[in-house]
Amino acid sequence: MSRSDSPTIGVFDSGFGGLTVLHALLQRFPQARFVFLGDTARLPYGSKSRRTIARYAAQSAQFLTREQGAEFLVIACNTASALALDAIREAVTVPVLGVIEPGAAVARATSKTGDVLVIATDATVHSHAYAAACETRGLRAIEKACPLLVPLVEEGWTNHPVTAEVLRIYLDELLAQAAAEGLKPDALVLGCTHYPLLRPLIEHAIAQSAGAGIRVIDSAESTADTATKLLRGGDSASGDRAWAPEIRCFATDSVEKFQRLGSKFLGRPVGDVQLIDLGG
Ligand code: DGL
């Protein structure tokens with residue numbers, strides 16, 4: 001397979017947390033061209049209404065497809081996946097994959113008790129998209145909004161005592177709610193693309209809590225596996241490792257911060273980030 005046979009894959013997030021999903025995609029599509037857009041000027045999406053999130057996400061999806069030629073879109077943002085997937089599908093003509101269904105699928109594969117916990121932004125929790133995706137798989141889910149976590153990650157406080165304390169409080173509340181409802185959760189879904197950067201702190205907080213033994217689930221790998229199935233019928237071996245994927249990154253603001261923090265999410269330098277204007 002040559003680069004010209006490979007699709008251009010558009011990856012979208014409200015910020016740069018979605019680079020964790022891009023990282024998983026790079027392993028599976030070394031020959032592909034990737035265009036990543038972080039709508040950093042309008043971040044956070046997680047505190048906004050469905051209508052606004054849908055408008056922002058649809059504009060972003062159109063930029064990736066119409067202006068950058070993406071032939072397949074991965075919505076690497078839980079909030080946009082939860083509240084705007086239909087609006088995005090109406091706005092573009094290419095296949096669109098969100099992160100909620102793949103996240104729920106790993107929860108199903110992981111949980112033995114059938115009870116799972118989900119932490120996410122306010123908007124994602126209030127949409128109950130995870131609860132619905134879990135319920136169709138026979139799982140019971142308790143969702144909790146953790147609005148302080150995105151700003152802490154954005155601040156770079158991914159290994160900071162304040163973040164550890166905030167996490168402990170959120171998890172204690174969540175576990176108390178689960179106990180009150182008679183659930184025995186054995187999996188915790190990270191329902192926000194910023195949270196994988198907090199995974200060591202989250203795992204530590206769980207180990208110290210009443211929920212010791214709960215497995216942490218990140219939808220990035222599962223989303224990349226689903227993209228592989230959709231684009232290559234699941235043939236994960238066809239990638240020629242000699243190729244270096246081509247990545248172009250765009251942001252609507254804070255290019256310097258994107259470059260600095262983005263490499264933590266992507267696990268390698270993000271390179272040049274182009275500033276674009278999608279309007280208000
Ligand atoms: N990327 C968003 C998500 O995965 C979190 C940041 C935001 O609130 O925009 O839900």
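First, a word on what this report is: a plain description of the structure on this page. Just so we're clear, the structure is a prediction, and the values are computed from it rather than from any experiment.

### A few points about unusual backbone geometry
- A cis amide bond links L43 to the next residue, P44, at an omega of 0 degrees.
- The backbone of H128 shows a phi angle near 55 degrees, a positive value even though the residue is not glycine.
- Among the residues examined, H128 registers a relative accessible area of 42% and is labelled partly exposed.
- Phi at S254 takes a positive value of approximately 50 degrees, unusual for a residue other than glycine.

### Details of the site of the ligand
- Taken together, 14 residues form the shell around the ligand, and within it D13, S14, Y45, G46 and T79 come nearest.
- The separation between an oxygen atom of the ligand and a polar side-chain atom of S14 is 2.6 Å.
- One of the backbone nitrogen or oxygen atoms of T193 is found 2.9 Å away from an oxygen atom of the ligand.
- Contact with the protein chains covers 99% of the free accessible surface of the ligand, which is 300 Å².

### So, the packing of aromatic side chains
- Considering all chains together, one arrives at 6 aromatic pairs under this definition.
- Relative to Y45, the ring of F12 has its centre 6.1 Å away and its plane inclined at 50 degrees; by these criteria the two rings are tilted. Taken together, the residues span a long stretch of sequence, with F12 in strand 1 (residues 8–13) and Y45 in the loop between strand 2 (33–38) and helix 2 (50–67) at a distance of 33 residues. The pair F12 / Y45 is uniform in exposure class, with both members buried.
- Between F63 and F250, the ring centres sit 5.2 Å apart and the planes meet at 75 degrees, which makes this aromatic pair edge-to-face. You can see F63 sitting in helix 2 and its partner F250 sitting in strand 9 (residues 246–251), a full 187 residues away along the chain.

Basis of the calculations
- In this convention, every chain numbers its residues from 1, walking through the sequence in written order.
- Since the coordinates come from a predicted model, pLDDT governs what is reported: local features require at least 70, and pairs of side-chain atoms require 80 or more to be given and counted, while whole-chain, interface and lining totals use all residues.
- Hydrogens and water molecules were not included; the side-chain quantities draw on all heavy atoms of the structure.
- Exposure categories follow from relative accessible area, calculated using a 1.4 Å probe and restricted to protein chains: below 20% of the type maximum is buried, above 50% is exposed, and the middle band is partly exposed.
- Near, as used in this document, describes a residue that has one of its heavy atoms within 4 Å of the molecule or strand being considered.
- Polar contact criterion, stated in full: a pair of N or O atoms within 3.5 Å, where within protein one must be able to donate a hydrogen and the other to accept it, and residues adjacent in sequence count only if both atoms are side-chain atoms.
- Here, Shrake-Rupley sampling with a 1.4 Å probe gives the accessible areas, and only protein chains in the shown set may cover a residue.
- Note on ring pairs: Phe, Tyr and Trp rings are taken, using the six-membered ring of Trp, and paired if centres are within 6.5 Å. Classes follow the plane angle, with under 30 degrees stacked, over 60 edge-to-face and the rest tilted.
- Labels follow the DSSP assignment, with helices taken as runs of H or I lasting at least four residues and strands as runs of E lasting at least two, numbered in each case from the N terminus.

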